[in-house]
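Structural description and commentary
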Amino acid sequence: ELYVERARRRSIVGNIYKGVVTNVLPGMQAAFVDIGLHKDAFLYGGDYTAELTDAADERAHRAEDEAGNGDPVETPPEAAESVEEELADSEAEAGESRPAFVHAPIEELLHKGQEILVQVSKESLGSKGARITSFISIPGRYIVFMPQSRHVGVSRRIHDEAERERLRNIVKAVRPPSGGFIVRTVAEGKGEEEITADIQFLSRLWSQLQSRHETARAPALLHEEMDLTFRVVRDLFSPEVEQFLVDTDEGYAKVLGYANTLVPQLAGRVKRYEGKQPIFETTGIEKEIDKALRRRVWLKSGGYIVIDHTEALVAIDVNTGKYVGKRDFEETVLKINLEAAAQAVRQMRLRDLGGIIILDFIDMERAEHREQVSRALKKALADDKARTNVLEISELGIVEMTRKRARQDLQSMFFAACPTCKGSGHVKSDATLAAEIFRKIQVQASDAAPGGDVLVRVHPEMAHRLEAEEREGVERLQAIIGRKIVPQGVPTYHREEYDVTFR
C-alpha cells in the first residue's frame, strides 16, 4: 500500500468543523455547508442527525467491520451493504432488538444559516466538494469513539468469540455514561489498563472539542486529524511489522516518539535508514510507484491488465498479451485471469481506486473456471482495509464491484490534466487540424478587407506540415480567397494552438 501526503496540502479526512448551512436541496435530500474551505462541503440527508438517535446506533453497527483502519467509520450509502446484512451482526446482544428508523426530510432538519457540527468523511475529488457527516467518530489506538451512539462493538476482524466478549466487557465496565465505542483490531490481546487509557483520552478530547464548539464562530476547524506519520504509527504499526524504516532525522525522531507513546513494545523496530541512495530507490519502491502510475501493468505470465479511469467508474481489462500457453486454451485463459485477479487487487490498493470498478476478465467457457477466478478475487480482497462489495462473475467474465475511498486516488495526486488535450488523452490529427485552419481562413476571408496576405501562426511542426504535405491544399485555398497564406512557427504554442490574421 502507498500513502501520500503533501506537506502543503494535508488531508482533511477526519477533521471536525463547526459549519454553516448555505443551501438545502429538498429534491436531492442534501445540503451544502460552509466549513471554511474554498468550496462548500456536501451533506447527504442520511448523514445528518440532530440528536442521539437509533440512526447513530445503526451507524455504529455498520462501522464495526471498518474498525481495523483509521479512517472515519461513517458509511456512505453507495458503499454500504444492505441493511439486512448489517443487522445480522454478531454484535447484537441476545434478545436485543434494534428498532427501525426513518430519516425525516432534510428540509425539516436543516435551514439556511444553521450552525452544525460535522466531520469530513471524503476528500473533495475533482469538481466535487468534500463529503461530510454529522455522525462523529474519533479513532484512538485501540478504540473508536462515537459520541452520538450508545453501542459497544468489536471489530469483525477479531474472530475469537471469547476474546471479543472479553474486550466488550472491558469497555462496558469503564466507558462513560454517554457515547459508543468500537474496539479496533489492534486491541486483540490488550489489557484493561491500555484500553481504559484510550477511552479516557478520547473522552477528554471530545469534551475539549465540545467546549471549542460552543465558543467558536462558524465556519471553524475544531479538531484536526494528525499527520500521516502519526496515523501510520497509530493504525498500521503492529507486531506483524518487522521493521519501520525512516529516512530523515526529523521523521525518525517523530516516529520514535509516537511509537514510545502508542506502542512502546515495538519502538525497537523503528530504524534510521543510513544508505547513500534514496530509500525508495534502494528498496525498489520507486519502480513500483512508476508502475502504479501506468495505464498498462504487465503480469509475470506475459499477459497484462489495462486500467482506465472514466467519469463514473474505473475499468480494468485483462489481456493475453505475449502469453500463448502450451496446450489447452482454456487453461491458458484461467492462468492469466487468476494472475490478473491478484494484480488487479494489488493495483486497487496501491492506487487507492474507489467507487464503481468493472473488471473484464478474458472470457471463460467453463463455469468452474469462472468460479475459481471469483474465489481468487475475493480472497485477494480479504486483506484490503477498504470496504468492498463484489458481485458474482458473469458468463462474459465481467465482475462489478465497489470499493470505498475517502481520499484522492494516486493518479489524481501525481498527475495534472494535459493542457493540450484537457485530460481526454487525445489530440487532433495533423490532417484534421490543417482542415480546421483552412475552414477558419475561408470564414474570415469573406469579412476581411481586400488586399494583403494571411498570417497563420501555429506550432512549428504544424507550420512545416502546411509548407510540405499540405502545400497543394494551401495553393488551392490561395486561389479561392485571392490572398497569399504565410505559415509561421511559434515555439511557445502547444500543438493545437493557432491564430489567423489578415494583414
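Figured I'd write up the structure that's included with this text. Model, not experiment: these values are computed from the prediction.

1. Quick notes on the sheet that holds strand β8 (residues 152–154)
On the basis of which strands lie adjacent, the open sheet formed by 4 strands has the order β6-β7-β9-β8 and mixed pairing. Every other strand in the sheet has two partners, leaving β6 (138–139) and β8 as the edge strands with one partner each. Two strands pair when backbone bridges link them, and strand β7 (residues 143–146) and strand β9 (residues 180–183) are joined in this way by 4 bridges, in the antiparallel orientation. Each bridged residue has a counterpart across the sheet, and for Ile143 the counterpart in β9 is Val183. This element, helix α5 (residues 192–215), spans β6, β7 and β9 of the sheet and lies at about 35° to β7.

2. Considerations on helix α4 (residues 161–174)
Taking 1.5 Å as the rise per residue, α4 with 14 residues should run 20 Å; its terminal C-alpha atoms sit 20 Å apart, in good agreement. Packing partners of the buried residues in α4 comprise β7, β8, β9 and α5. N-cap assignment for α4: the residue whose side-chain oxygen lies 3.1 Å from the backbone N of Ala162 is Asp160.

3. Some details on the packing of aromatic side chains
If you walk through the whole model with that rule in mind, you get 5 aromatic pairs. Ring geometry for Phe145 against Phe181: centres 4.8 Å apart, planes inclined by 20°, an arrangement best described as stacked. Separated by 36 residues along the polypeptide, Phe145 in strand β7 and Phe181 in strand β9 bring together distant segments of the chain. Across the pair, exposure class does not vary: Phe145 and Phe181 are buried alike. Aromatic pair Phe237 and Phe244: ring centres 5.0 Å apart, planes at 80°, arrangement edge-to-face. Like Phe244, Phe237 is buried. Its end group placed over the ring of Phe414, Arg6 keeps NZ or CZ at 5.2 Å from the ring centre.

4. Let's talk about the pairing of strand β3 (residues 41–44)
Consecutive residues of a regular strand have side chains that alternate between opposite faces of the sheet. On β3, burial follows the alternation: Ala41 and Leu43 on one face are buried, whereas Phe42 and Tyr44 on the facing-out side are not. Note that strand β2 (residues 30–34) and β3 share 4 bridges and pair antiparallel. By the bridge assignment, Val33 is partnered in β3 with Ala41. In this structure, the hairpin formed by β2 and β3 is closed by a connection of 6 residues, where Gly36 is found at a positive phi of approximately 95°. Sheet topology places β3 next to strand β5 (residues 131–133); 2 bridges connect them, and they run parallel. Across the sheet, Phe42 pairs through a bridge with Arg131, a residue of β5.

5. Looking at the sheet that holds strand β14 (residues 304–309)
The strand order β13-β14-β15-β16-β18-β17 describes an open sheet built from 6 strands, whose pairing is mixed. With one partner strand each, in any of the chains shown, β13 (296–298) and β17 (388–390) form the two edges of the open sheet. Across the sheet, the mean angle from the axis of one strand to that of its neighbour is 20°, orientation sign disregarded. When strand β15 (residues 313–319) meets strand β16 (residues 355–360), the two strands line up parallel, connected through 5 bridges. Each bridged residue has a counterpart across the sheet, and for Leu313 the counterpart in β16 is Ile356. Here helix α11 (residues 367–381) sits on the sheet and contacts β16, β17 and β18 (398–403); the angle it forms with β17, its principal contact strand, is near 175°.

6. Focus: the packing of helix α10 (residues 329–351) against α11
Axis separation between α10 and α11 bottoms out at 9 Å; the angle between their running directions is 20°. Of the possible angle classes, the one that applies to α10 and α11 is roughly parallel. The interaxial crossing formed by α10 with α11 has right-handed handedness. Between α10 and α11, the contacting residues are Glu330, Glu331, Leu334, Asn337, Leu338, Ala341, Ala342, Val345 and Met348 on the first element and His369, Gln372, Val373, Ala376, Leu377, Ala380 and Leu381 on the second. Its residues assigned to classes, the contact of α10 with α11 comprises 11 nonpolar, 3 polar and 2 charged.

7. Structural notes on the nonpolar core
Ranked by size, the top nonpolar core spans 28 residues in total, and within it Ile305, Ile316, Met348, Ile357, Leu359, Phe361 and Leu377 carry the most contacts. Of all the elements in the fold, those that place two or more residues in this core are β14, β15, α10, β16, α11 and β18. If you tally residues by element for this core, the top one is α10, at 8 residues. Apart from the residues within four sequence positions on either side, Met348 is in contact with Ile316, Leu353, Ile357, Leu359, Leu381, Met401 and Arg403.

8. Looking at the state of the cysteines
Within the structure shown, the criterion is met by 0 disulfides. Cysteine Cys418 remains unbridged, with the sulfur of Cys421 as its closest cysteine sulfur at 3.7 Å. Given the relative accessible area of 33%, Cys418 is considered partly exposed.

Rules of the game
Numbering of residues starts from 1 in every chain and runs along the sequence as written. Since the coordinates come from a predicted model, pLDDT governs what is reported: local features require at least 70, and pairs of side-chain atoms require 80 or more to be given and counted, while whole-chain, interface and lining totals use all residues. To obtain the side-chain values, all non-hydrogen atoms of the structure were used and water was disregarded. When DSSP locates at least two bridges between a pair of strands, those strands are taken to pair. Helix and strand assignments come from DSSP, with helices taken as H or I runs of at least 4 residues and strands as E runs of at least 2, each series counted from the N terminus. Between two residues, a contact is recorded if the distance between any of their heavy atoms is within 4.5 Å. Axis geometry follows a simple rule: fit a line to the C-alpha atoms, using only the stretch in contact for helices, then measure angles between N-to-C directions, giving values from 0 to 180 degrees. A helix's residues, less one, multiplied by 1.5 Å, set its expected span. Polar contacts, as counted here, are pairs of nitrogen or oxygen atoms within 3.5 Å of one another; within protein the pair requires one atom able to donate a hydrogen and one able to accept it, and residues that are adjacent in sequence qualify only if both atoms are side-chain atoms. Here the aromatic set is Phe, Tyr and Trp, taking the six-membered ring for Trp, and pairing holds for ring centres within 6.5 Å; pairs whose planes are under 30 degrees apart are stacked, those over 60 apart are edge-to-face, and all others are tilted. The cut-offs for exposure are 20% and 50% of the maximum accessible area for each residue type, with area from a 1.4 Å probe on protein chains only; residues under the lower value are buried, those over the upper are exposed, and the others partly exposed. Here, over-ring charges are defined by two tests on the NZ atom of lysine or the CZ atom of arginine: distance to the ring centre within 6 Å, and angle to the ring normal within 35 degrees. The scheme is simple: roughly parallel for angles under 35 degrees, roughly antiparallel for over 145, roughly perpendicular for 65 to 115, oblique for anything else. Put simply, a crossing is left-handed when the front helix is turned counterclockwise from the back one by less than a right angle, and right-handed when it is turned clockwise. Amino acid classes used here: Ala, Val, Leu, Ile, Met, Phe, Trp, Tyr, Cys and Pro are nonpolar; Asp, Glu, Lys and Arg are charged; the rest, including Gly, are polar. Residues grouped as a nonpolar core are buried Ala, Val, Leu, Ile, Met, Phe, Trp, Tyr and Cys residues, joined through side-chain atoms within 4.5 Å. Any cysteine sulfur atom paired with another within 2.5 Å is treated as part of a disulfide.

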